[in-house]
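One-letter residues, chain by chain:
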Amino acid sequence: FVDDNLTADVDYARELFRALEKFGLTFGMQSRHEFSRSGEDLDRARRAGCILVSCGYESVNQHTLDGTGKRAAAEVYRETAAAQYAAGLIPSGNWMFGFDWDEPDIFARTLDFLDSTRMLHCSFTTEIPFPGTQAWKDYRAAGRLMTEDYDEYVGKDHVLVRPAKMTPTQLRE
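Residues numbered from 1 in each chain as written. Predicted model: local features only at pLDDT ≥ 70, side-chain atom pairs only at ≥ 80, totals over all residues. Heavy atoms only, no water.

### Observations regarding the pattern of salt bridges
Here is step 1 of the chain: For the structure on display, the rule yields twelve salt bridges.
Here is step 2 of the chain: In this structure, the salt-bridge partner of Glu 34 is Arg 32, at a minimum N-O distance of 2.7 Å.
Here is step 3 of the chain: Judged by relative accessible area, which is 24%, Glu 34 ranks as partly exposed.
Here is step 4 of the chain: A salt bridge links Asp 41 to Arg 44; the shortest N-O distance between them is 2.8 Å. Residue Asp 41 and its partner Arg 44 are located together in helix α2 (residues 39-48), separated by three residues, close to a single helical turn.
Here is step 5 of the chain: For Arg 44, a relative accessible area of 11% gives the class buried. (Salt bridge = Lys/Arg side-chain N within 4 Å of Asp/Glu carboxyl O. Buried < 20%, exposed > 50% of the residue type's maximum accessible area, 1.4 Å probe, protein only. Helix = DSSP H or I, 4+ residues; strand = E, 2+ residues; numbered from the N terminus.)

The following block contains the structure:
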């Protein structure tokens, strides 16, 4: 399913999972990590055919989560991955680097987290302040945008913002 948060409406997700059970399909989904607090909901998703739950963790750095308004606690991310494994699902994480609170050790800290949770699937990107957003306006006003070429706004190996606590090269590498 291509939906940033398939389980945003939990009642709808439960109804959808019940309906999907009869089809014998397999699928992956994106969900906020809080959905994994309910073993019953994870089991319901697995019975519906879900095999992978992708969560936008963004960072293991609590300062980054707080500074970006993520409303998440990095300390519970281990519990999320464990709950997903316990339900027979593959935990997947989406991670972003280069925020103002990230120092070069963020890469090793993230790798340590991934190793300790045995997370098998992840995607990684740099911060992408899309044009028109407040973050983009703030970076532009501060002279920290490295490009305004929208074709570069893919994030994978494109550094778009001059990081505060590392060099653009450190972030790209």
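From this point, the narrative continues.
### Quick word on the sheet that holds strand β2 (residues 50-58)
Here is step 1 of the chain: What the four strands build is an open sheet, ordered β1-β2-β3-β4; its pairing is parallel. Strands with a single pairing partner mark the edges of an open sheet, and in this sheet they are β1 (27-30) and β4 (121-126). When strand polarity is set aside, the average angle formed by the axes of neighbouring strands in this sheet is 20°.
Here is step 2 of the chain: Here β1 runs beside β2; their pairing, made up of four bridges, is parallel. Across the sheet, residue Met 29 finds its bridge partner in β2, namely Val 53.
Here is step 3 of the chain: Along the sheet, helix α4 (residues 77-86) contacts β2 and β3 (90-97); its crossing angle with β2, the most-contacted strand, is approximately 175°. (Pairing = 2+ DSSP bridges. Axes fitted to C-alpha atoms, helices over the stretch in contact; angles between N-to-C directions. Contact = heavy atoms within 4.5 Å.)

### Section: the side chain of Lys 70
Here is step 1 of the chain: Along the chain, Lys 70 falls in the loop between α3 (62-67) and α4.
Here is step 2 of the chain: With sequence-adjacent residues up to four places away left out, Lys 70 is seen in contact with Arg 32, Gly 56, Tyr 57, Glu 58, Leu 65 and Tyr 77.

### Description of the nonpolar core
Here is step 1 of the chain: If you look at the biggest cluster of nonpolar residues, it comprises 33 residues, and the most contacted ones within it are Phe 17, Met 29, Tyr 77 and Trp 95.
Here is step 2 of the chain: Secondary structure elements with two or more residues in this core: α1 (10-20), β1, α2, β2, α4, β3 and α5 (106-117).
Here is step 3 of the chain: Leaving out residues up to four positions away in the same chain, Met 29 has contacts with Leu 6, Thr 7, Phe 17, Phe 35, Ala 45, Cys 50, Leu 52, Val 53 and Ser 54. (Core = buried A, V, L, I, M, F, W, Y, C linked by side-chain atoms within 4.5 Å.)

### Structural notes on the pairing of β4
Here is step 1 of the chain: Pairing geometry for β3 and β4, over six bridges, is parallel. Bridging from a neighbouring strand, Trp 95 pairs with Phe 124 of β4.
Here is step 2 of the chain: For the crossover that starts at β3, traverses α5 and ends in the parallel β4, the hand is right-handed. (Right-handed = clockwise from strand over helix to strand, strands pointing away.)

### Focus: the pairing of β1
Here is step 1 of the chain: Residue alternation in β1 divides its side chains into a buried set, Phe 27 and Met 29, and an unburied set, Gly 28 and Gln 30.
Here is step 2 of the chain: With respect to chirality, the unit in which β1 leads through α2 into the neighbouring parallel β2 is right-handed.

### Here's the deal with unusual backbone geometry
Here is step 1 of the chain: Here the phi dihedral of Glu 58 falls at roughly 70°; this positive angle occurs in a residue that is not glycine.
Here is step 2 of the chain: Among the secondary structure elements, Glu 58 is positioned in strand β2.
Here is step 3 of the chain: The backbone of Arg 118 shows a phi angle near 60°, a positive value even though the residue is not glycine.
Here is step 4 of the chain: Assignment of secondary structure puts Arg 118 in the loop between α5 and β4.

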